Amino acid sequence: MADIIAVKNLFKSFGDVVRTEVLRDITASFERGALTAIIGPSGSGKTTLLNILSLLESPTSGTLTIDGRDFSTGDVNAASGFRNAHIGFIFQFHYLLPEFTALENILIPHWIARGRPPAALVEKAESLMKAIGIHHIRNKHLNQISGGEQQRTAIARALVNEPRLVFADEPTGNLDRETGFAVLEVMTRMVRELGTTLIMVTHDREIALRADRILELVDGRVCKAFLVREKGEAGARALLEDRGCAMD
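Keep in mind that what you see is a predicted model, and the values were worked out from it rather than measured.

Observations concerning the side chain of Gln 150
Working step 1: Checked against the element boundaries, Gln 150 lands in helix 5 (residues 147-159).
Working step 2: Ignoring anything within four residues of it in the chain, the contact list for Gln 150 reads His 94, Leu 96, Leu 142 and Ile 145.

Shown next, in the form of structure tokens:
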């Protein structure tokens with residue numbers, strides 16, 4: 001599969017007087033239509049990398065190319081336009097609005113960007129809810145549905161406009177293990193059916209093993225990067241259990 005995102009010699013620092021280097025010389029690529037899991041210890045730069053890949057932040061230096069377009073310069077308007085048109089987000093905390101129903105929450109991005117959703121989009125949202133098993137909660141508010149149902153609602157919200165890219169930051173981190181795996185299964189199935197690229201940060205290595213590719217960061221650098229399908233589950237598990245940095 002062709003790559004949809006590529007970064008080369010990417011650095012990210014924060015601060016003016018005292019500079020803190022969070023990402024150091026990151027070079028990586030992300031396959032179109034694949035699920036990539038970004039893992040690593042706390043403070044390794046996972047969320048910062050996700051924010052740069054999703055155009056929420058700009059790199060300090062290096063190149064970032066998405067779908068053939070160069071986003072290295074930090075052009076806010078270009079980044080915002082592409083993000084709104086082509087990117088969906090799923091977070092650990094769903095950020096649903098309690099005063100609206102599940103269906104209304106799924107349609108909120110369209111309300112904000114374009115006004116009242118057309119009937120065709122409402123029908124698409126309801127079809128998506130049926131596909132992931134939450135159509136029965138479409139008219140319920142947050143205090144009437146479970147945590148897993150809330151996270152599935154957030155997934156539907158991210159996918160309803162059929163974005164090219166979906167970025168997920170610890171999407172199962174606030175759920176118990178059984179519910180987390182169920183939500184991941186729903187998320188990956190829908191992404192594969194839509195041909196969307198999913199890039200996910202997770203602290204859970206068992207969750208990461210369900211991905212097509214794993215990218216591990218340590219101290220702001222790429223420590224390991226490999227295709228799970230090439231290594232097989234046993235080989236991928238052995239690589240994850242090896243705490244050394246295979247790419248040093």
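Focus: the nonpolar core
Working step 1: Ile 90, Met 129, Leu 159, Met 187, Leu 198, Met 200 and Ile 214 are the most contacted members of the largest nonpolar core, which totals 45 residues.
Working step 2: In terms of residues, this core owes the most to one element, helix 6 (residues 177-194), which gives 7 residues.
Working step 3: Those residues in contact with Met 200 that lie beyond four places of it in its chain are Leu 35, Thr 36, Ala 37, Ile 38, Ala 168, Pro 171, Leu 184, Met 187 and Ile 207.
Working step 4: With 29 residues, the next largest nonpolar core counts Ile 5, Leu 10, Leu 50 and Phe 89 among its residues.

A closer look at the sheet that holds strand 9 (residues 213-218)
Working step 1: Read from one edge of the open sheet, 6 strands run 6-7-8-3-9-10, paired in mixed fashion. Pairing within the sheet leaves two strands with one partner each, and these edge strands are strand 6 (87-91) and strand 10 (221-227). Averaged over all pairs of adjacent strands, the angle between strand axes in this sheet comes to 15°, irrespective of strand direction.
Working step 2: Direction of pairing for strand 6 relative to strand 7 (residues 165-169): parallel, over a ladder of 5 bridges.

A word on the pairing of strand 9
Consecutive side chains of a regular strand alternate in pointing toward one face of the sheet and then the other.
Working step 1: Within strand 9, 5 of the 6 residues are buried, which leaves the element mostly enclosed by the surrounding structure.
Working step 2: In this sheet, strand 10 lies alongside strand 9 in antiparallel orientation, the contact comprising 6 bridges. The residue bridging Leu 217 from the neighbouring strand is Val 222, located in strand 10.
Working step 3: Counted along the chain from strand 9 to the antiparallel partner strand 10, the turn is 2 residues long, and its residue Asp 219 has a positive phi close to 55°.

Regarding empty space enclosed by the protein
Working step 1: Under the defined criterion, the tally for this structure stands at 1 cavity of 30 Å³ or more.
Working step 2: In this model, the largest cavity occupies a volume close to 30 Å³.
Working step 3: Forming the boundary of the largest cavity are Leu 50, Asn 51, Ser 54, Leu 56, Phe 89, Phe 91 and Phe 167.
Working step 4: Contributing elements (two or more residues each) for the lining of the largest cavity: helix 1 (46-53) and strand 6.
Working step 5: Its residues placed into classes, the lining of the largest cavity shows 5 nonpolar, 2 polar and no charged.

Remarks on the packing of helix 5 against helix 6
Working step 1: Look at helix 5 against helix 6: their axes get within 10 Å of each other, and the N-to-C directions meet at 15°. Relative to helix 6, the element helix 5 is oriented roughly parallel. When the axes of helix 5 and helix 6 are compared, the crossing they make is right-handed. Across the interface between the two elements, Gly 148, Gln 151, Arg 152, Ile 155 and Leu 159 of helix 5 pack against Thr 179, Ala 182, Val 183, Val 186, Met 187, Met 190, Val 191 and Leu 194 of helix 6.

Analysis parameters
Residues numbered from 1 in each chain as written. Predicted model: local features only at pLDDT ≥ 70, side-chain atom pairs only at ≥ 80, totals over all residues. Heavy atoms only, no water. Helix = DSSP H or I, 4+ residues; strand = E, 2+ residues; numbered from the N terminus. Contact = heavy atoms within 4.5 Å. Core = buried A, V, L, I, M, F, W, Y, C linked by side-chain atoms within 4.5 Å. Buried < 20%, exposed > 50% of the residue type's maximum accessible area, 1.4 Å probe, protein only. Pairing = 2+ DSSP bridges. Axes fitted to C-alpha atoms, helices over the stretch in contact; angles between N-to-C directions. 1 Å grid on protein atoms, 1.4 Å probe; cavity = no way out; pocket = protein on both sides within 12 Å on 5 of 7 lines; lining within 4 Å. Points joined across faces, edges and corners; volume = space filled by probe spheres on them. Nonpolar A, V, L, I, M, F, W, Y, C, P; charged D, E, K, R; others polar. Parallel < 35°, antiparallel > 145°, perpendicular 65-115°, else oblique. Left-handed = near helix turned anticlockwise from the far one by under 90°.

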